[in-house]
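# Observations on the model geometry
For reference, the chains in residue letters:
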Amino acid sequence: MSVKSILEHRNSVRHYDPSYKISPDMLVSLIESAGKSPNGNNIQSVRYLIIDDPQIQKSLLPIAFNQQQVADASALIVMLGDYKAFQAENIVQIHEEGFQSGYFDESLRDFLAQAAIDYYADKSDEELGMELTRDVSLAAMSLVLLAKEAGLDTVMMSGYDSKQLKAALNISERYLDVMLIAIGKGIKAGHRTVRHEVHKVIYRNKLT
Ligand SMILES: Cc1cc2nc3c(=O)[nH]c(=O)nc-3n(C[C@H](O)[C@H](O)[C@H](O)COP(=O)(O)O)c2cc1C
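Conventions adopted
- Residues numbered from 1 in each chain as written.
- Predicted model: local features only at pLDDT ≥ 70, side-chain atom pairs only at ≥ 80, totals over all residues.
- Heavy atoms only, no water.
- Helix = DSSP H or I, 4+ residues; strand = E, 2+ residues; numbered from the N terminus.
- Buried < 20%, exposed > 50% of the residue type's maximum accessible area, 1.4 Å probe, protein only.
- Arc of directions from axis to C-beta.
- Contact = heavy atoms within 4.5 Å.

In terms of regular secondary structure, the protein is built from eight helices and six strands. Secondary structure elements of the protein occur, N-terminal to C-terminal, as α-β-α-β-α-α-β-α-α-α-β-α-β-β. Taken over the C-alpha atoms alone, the protein extends approximately 55 × 45 × 35 Å along its principal axes. For the protein, buried positions account for 38% of its 208 residues.

Take a look at the structure:
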């Protein structure tokens, strides 16, 4: 299926077969591919907390406003951004790996690493949160497209109480929870959705 075709045919699915289990290998493979998504300075801040224990899934129902897909999907993936990724140590290490892999020379390694360190140095917590939100969202979109290609269904979810979710899953302040993705085998197609006519959302050279 082409990317265009996946985009044309995907819809958020909210009813899942609770008996269907995605193999752990399949999930890892999807996540590995989603990890190739663009990300700021390649600092690789995205983390994926897979919840596939039915008991834990059920316990999250009230935290997610009783949205049944939380319990019935094969897995929930908590899409997290790791604030630790902004640390110079991580940035230097990633660029060293690129150098060791032969992808760039020493001078580009040092230039890219320093540019990244400088880029994040004076950012507020709010700005860093925005950086994480961008990177996690791009990986999330890739994961949703890859899942559809693999014959699976998904729904992205921000409909949950962030504080309660973090407490229930022991997620520390080191991480920003950006969204959940429920993934599994749909038993009822998602309702179709409209989009604005394309010319209503495009501006040329200035907003009118
Ligand atoms: C960030 C984000 C959060 C969302 N949260 C929820 C949610 O909590 N529950 C839900 O049923 N759908 C949720 N959705 C799905 C949207 O409602 C859905 O994408 C939108 O209505 C368009 O429909 P489609 O995905 O079928 O094209 C969310 C989507 C996004 C991108």
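Read on for the rest.
Right, let's talk about helix 2 (residues 24-34) for a bit. An α-helical turn contains 3.6 residues, so any two residues separated by three or four positions project in the same direction. All of the buried residues in helix 2 are L27, L30, I31 and A34. In an axial view of helix 2, the angular spread of the buried residues amounts to 95°, which keeps them on one side of the axis. Exposed residues on helix 2 whose side chains face more than 90 degrees from its buried face are D25, V28 and E32. Here the buried face of helix 2 lies against strand 2 (46-51), strand 3 (75-82), helix 7 (125-149) and strand 5 (175-184).

So, on to unusual backbone geometry. Its identity as a non-glycine residue notwithstanding, N41 has a phi of 55°, on the positive side. Structurally, N41 can be placed in the loop between helix 2 and strand 2. You can call N41 partly exposed: its relative accessible area is 32%. Positive phi outside glycine occurs at F65, with the angle close to 55°. Topologically, F65 is positioned in the loop between helix 3 (54-59) and helix 4 (69-72).

Remember, this is a structural readout, not a statement about activity or role.
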